[in-house]
Amino acid sequence: MQSFNFDQVIDRHGSWCTQWDFVADRFGVPDLLPFTISDMDFATAPSVIAALQQRLHHGVFGYSRWQHDAFLSAIQHWMQTRFNCPVAEESIVYGPSVIYMVAQLLRHWTQPGDEVLIHTPAYDAFYHTIESNQRRVVALPLRPDGQQWHCDMQQLEQRLARPRCKVMLLCSPHNPTGKVWRPDELKQMATLCARYDVKVISDEIHMDMVLSDARHLPWSEVAQSGWALFTSASKSFNIPALTGAWGIIGDATDRQAWFRALKQQDGLSSPAVMALTATIAAYREGAAWLDALRDYLHANMQHVAQRLNSTFPLLNWHPAAATYLAWIDLNPLGMDEQQLQQRLIHQQKVAMMPGSTYGEASRGWLRLNAGCPRAKLDEGLNRLIAALQSG
């Protein structure tokens, strides 16, 4: 059995890394210990590195294509073996990133002024992408219910029935709450969207990051009409800097429009060959590494719970079912979010995402990226606890 050392600390300074080298862009201060943007501090799978080295040794990096058996069959293999989900080869599409693909399809399916429903709290790029394309956000708040997050289906139906609500942008599993949608929830949402002729874009970039016994069900398994599923190996195998994402678009006419926009309007006909190489290797040979990683991340999240709850029993925080992003309600401690951020940044020299980033209703929450070696995580928790205790 292969073993992988996720405790190894790798210095990312000087690698043009968003999380480490450019932390001042968001927090205003350089050289903070970051637990922010959702990439991890681990080297990618050895099988991916070996494939990249082999391709690099070839030495020629001309224009490339993604519509070939090596890439398409790797996706089919992954979806079948990990999710028992068959994927028709002709339904697969490609793009430079999941958010680009979301934006492109929003432009195809909606007009300026149309409404896009999202579940809140929501990944901040959802707000930016919708609003920067002159569409309007319709928010449906998820409600905490014990250790779960609840979607009010009556409220969902009311919002889907609005005349200008044209798309539901789903995050599955959900960021930042870590919710894994149950099959009955997904089926009910699919039925409601079909009833009101609302199309669905399902961002499933966290699909491989279910850390519990819950099962991720791809939207393609419940979809009824007008839908797309977008994802990437980038989150699971920590390779977002290579760029590259893929998806499934259910309708052939929509796919044709997609390819016209991608190639003719935006001129994106040649994907990054290293992204293709890495994705194929990840999906064909990376399963053992990913399983070991998920075990490590699960233990990290349990460690966050143990340390926070032993120090602040009022929190009673429980890890979510998915993602390595600890979504923590600090409101029971009665500390103002802005004041806490000032202490974290200026006193403790640490960067963690304030809850209001994901919607004003989440002020007082905190998103902590636990995708890192345990030593770094412990140091971050030391600083967070010190900031909370200094009040």
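Structure report, in brief. For clarity, every value in this text was computed on a predicted model and none was experimentally measured.

Each value, and the rule that gives it
- Residues numbered from 1 in each chain as written.
- Predicted model: local features only at pLDDT ≥ 70, side-chain atom pairs only at ≥ 80, totals over all residues.
- Heavy atoms only, no water.
- Helix = DSSP H or I, 4+ residues; strand = E, 2+ residues; numbered from the N terminus.
- Contact = heavy atoms within 4.5 Å.
- Polar contact = N/O pair within 3.5 Å; in protein donor to acceptor, adjacent residues only side chain to side chain.
- Pairing = 2+ DSSP bridges.
- Axes fitted to C-alpha atoms, helices over the stretch in contact; angles between N-to-C directions.
- Buried < 20%, exposed > 50% of the residue type's maximum accessible area, 1.4 Å probe, protein only.

So, on to the environment of phenylalanine 126. Mapped onto the elements of the fold, phenylalanine 126 is located in helix α6 (residues 124-132). In the structure, phenylalanine 126 is positioned 23 residues away from alanine 103 in sequence and 9.2 Å away in space, judged by C-alpha atoms. Apart from residues no more than four positions distant in its own chain, phenylalanine 126 is found in contact with Ile99, Ile118, Leu169, Leu170, Cys171 and Asp203.

One can find glutamate 185 in helix α8 (residues 183-195). Here arginine 182 takes part through its backbone nitrogen, which lies 2.9 Å from a polar atom of the side chain of glutamate 185. Look past the residues within four positions of glutamate 185 in its chain and what remains in contact with it is Trp149, Cys151, Met153, Lys179 and Val180.

This part covers the sheet that holds strand β9 (residues 227-231). Consider a sheet: its strands pair through backbone hydrogen bonds, and that pairing is either parallel or antiparallel. Judged by pairing direction, the sheet is mixed, and its 7 strands sit side by side in the order β2-β10-β9-β8-β7-β3-β4 without closing on themselves. The open sheet terminates on both sides in strands that have one partner only, identified here as β2 (92-95) and β4 (136-141). Taken pair by pair, the neighbouring strands of this sheet meet at an average axis angle of 25°, ignoring direction. Bridge analysis of strand β8 (residues 199-203) against β9 gives 4 bridges, and the strand direction is parallel. Directly across from valine 200, in β9, lies its bridge partner tryptophan 227. In the packing of α6 onto the sheet, contacts are made with β3 (115-120), β4, β7 (165-171) and β8, and the angle to β3 comes to roughly 170°.

This next bit is on the sheet that holds strand β12 (residues 350-354). Here 4 strands make up an open sheet; going across it, the order is β1-β12-β13-β11 and the pairing mixed. Edge strands, defined here as strands with exactly one partner in the open sheet, are β1 (33-35) and β11 (325-329). This sheet shows a mean twist of 35° between the axes of neighbouring strands, independent of strand direction. Judged from the 5 bridges that link them, β11 and strand β13 (residues 365-369) form a sheet pairing that is antiparallel.

Turning to the pairing of β9, a few remarks are in order. Two faces belong to every sheet, and in a regular strand the side chains alternate between them. In terms of burial, β9 is a largely internal element, 5 of the 5 residues being buried. Of the pairings in the sheet, the one linking β9 to strand β10 (residues 245-249) comprises 4 bridges and is antiparallel in character. Pairing of leucine 229 across the sheet is with isoleucine 248, part of β10.

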